[in-house]
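A structural walkthrough
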Amino acid sequence: WMSLIVAALTLVALLFILNFPEAVSRPIQEQNEAKTNFIATISHELKTPLSSIKMAGRLLEDERVGALNAEQKELVGQVTDDANRLLRITGELLHLTQAETGRIQLQINLVAPSLIVETATRAVSFQAHQKSIQIVTDVQDEDYLVYADAEKSSWVLINYLTNAIRYSREDGLVTVTVQAHDQGTVGFVVRDQGPGIDAKYLPKLFDRYFRVPGNRDQTGSGLGLAISKEFIEAQGGTVGVWSEPGYGSAFSFELPGAKT
Ligand code: ADP
């Protein structure tokens, strides 16, 4: 009897699944959505207290509330560095959840490439200064504009620049070049004199969570380049990378352009 009941129940379950496949798949989809929303909420909630920690650290570091001895300075420096690192990761997680749910909301406008470059270089000037890294910009073809979401494109450029700074030695040189291409696109390239990346890793570089084994800076999440790719492709553009181990790397993106 038991086996007959089990067989009957299995049959009913099978029929149910065959008839209503969405009843089985929907909860999984719903779970995924719940997970994504959860990550988005947590990332969002973490941002405010982390920003306060960073601000407080900065005030202490600048000795605005009193002099610090070398050891105290070092410790406060660690706190702000870690707060920065966590802020970067929470920001990346937020962007990732947007990309995952196909919710990249774009505001496409005709934008001057120099505006994107200026916004990005300003955003990383403090980090560059901390490592005595010089950033040189060269915006050519100024009669070209790009069809782009200014904020998202700047985010990508900031991400390329942050990587260039993080993976470079002190006193390094980072260049940003903007140039129009024959096919009507405008290319943005960030070059550094960092360690470079072995050719065998290049195809994986823009994958989520991929990090080059044994690289110099181990504080990352492996998400920045994956999000960059999603942002640029959502705008109808393409991303690229060139690298020569021992000499440096060049990360690029191209966006649809228009001559004024
Ligand atoms: P992460 O947070 O780990 O930097 P990214 O997605 O931004 O994540 O980069 C993925 C990996 O690509 C990094 O872990 C690093 O190994 C490598 N990488 C990125 N930019 C550079 C660069 N400018 N020079 C050398 N390696 C880089």
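On a predicted model such as this, the values are computed, not experimentally measured, just so you know. (Residues numbered from 1 in each chain as written. Predicted model: local features only at pLDDT ≥ 70, side-chain atom pairs only at ≥ 80, totals over all residues. Heavy atoms only, no water.)

In this structure the tally under the stated criterion is 6 aromatic pairs. Ring centres of tryptophan 155 and phenylalanine 231 lie 5.5 Å apart, and the angle between their planes is 70 degrees; on these two criteria the pair is classed as edge-to-face. Taken together, the residues tryptophan 155 in helix α5 (residues 150-167) and phenylalanine 231 in helix α6 (residues 224-234) connect sequence positions 76 residues apart. Its relative accessible area of 0% is what places phenylalanine 231 among the buried residues. Geometrically, the ring pair formed by tyrosine 201 and phenylalanine 210 is tilted, given 6.0 Å between the ring centres and 40 degrees between the ring planes. This pair shows no difference in class: tyrosine 201 is buried, exactly as phenylalanine 210 is. The rings of Tyr160, Phe188, Phe206, Phe251 and Phe253 are connected pair by pair, giving a single aromatic cluster. Sitting above the plane of the phenylalanine 126 ring, arginine 58 keeps its charged end 4.1 Å from the centroid. Sitting over the face of the ring of phenylalanine 231, lysine 152 holds its NZ or CZ atom 5.5 Å from the ring centroid. (Phe/Tyr/Trp six-rings, centres within 6.5 Å; stacked < 30°, edge-to-face > 60°. Helix = DSSP H or I, 4+ residues; strand = E, 2+ residues; numbered from the N terminus. Buried < 20%, exposed > 50% of the residue type's maximum accessible area, 1.4 Å probe, protein only. Lys NZ or Arg CZ within 6 Å of the ring centre and 35° of its normal.)

This brings us to the nonpolar core. In terms of nonpolar packing, the biggest core is built from 42 residues, with Val146, Leu157, Tyr160, Leu161, Phe188, Leu205 and Phe253 touching the most fellow members. Only α3 (70-100), α4 (113-130), β3 (144-149), α5, β4 (173-180), β5 (185-192), α6 and β7 (248-259) provide two or more residues apiece to this core. In terms of residue count, α5 provides more of this core than any other element does, 7 residues in total. The contact partners of phenylalanine 188, leaving out residues within four places of it in the chain, are Pro113, Ile116, Val117, Val146, Leu157, Thr177, Val178, Phe251, Ser252, Phe253 and Leu255. (Core = buried A, V, L, I, M, F, W, Y, C linked by side-chain atoms within 4.5 Å. Contact = heavy atoms within 4.5 Å.)

Turning to the UniProt feature "domain: Histidine kinase" (unreviewed entry) in the protein chain, a few remarks are in order. When the UniProt feature table is mapped onto this chain numbering, "domain: Histidine kinase" (unreviewed entry) sits at residues 41-259. Spanning residues 41-259, this segment combines 45% helix with 23% strand, and its end C-alpha atoms are found 41 Å apart. (UniProt positions renumbered as here; feature names shortened; annotations may be inferred.)

On to the site of the ligand, then. Not every one of the 19 residues close to the ligand is listed here, only the nearest: Tyr167, Asp192, Arg211, Asn215 and Leu225. Between the ligand and arginine 211 there is a distance of 2.6 Å, counted from an oxygen atom to a side-chain nitrogen or oxygen. A distance of 3.3 Å separates an oxygen atom of the ligand from a polar backbone atom of glycine 222. Of all elements in the fold, only α5, α6 and β7 reach the threshold of two or more residues within the shell around the ligand. The biggest single contributor to the shell around the ligand is α5, with 4 residues. When grouped by side-chain class, the residues that make up the shell around the ligand number 9 nonpolar, 7 polar and 3 charged. (Near = heavy atom within 4 Å. Polar contact = N/O pair within 3.5 Å; in protein donor to acceptor, adjacent residues only side chain to side chain. Nonpolar A, V, L, I, M, F, W, Y, C, P; charged D, E, K, R; others polar.)

Across 6 bridges, strand β2 (residues 134-139) lies against β4 in parallel orientation. Directly across from valine 139, in β4, lies its bridge partner valine 178. One ladder, built from 7 bridges, connects β4 with β5; its direction is antiparallel. Looking across to β5, one finds that valine 178 is bridged to phenylalanine 188. In sequence, β4 turns back onto β5 through a hairpin of 4 residues, with glycine 184 there showing a positive phi of about 90 degrees. (Pairing = 2+ DSSP bridges.)

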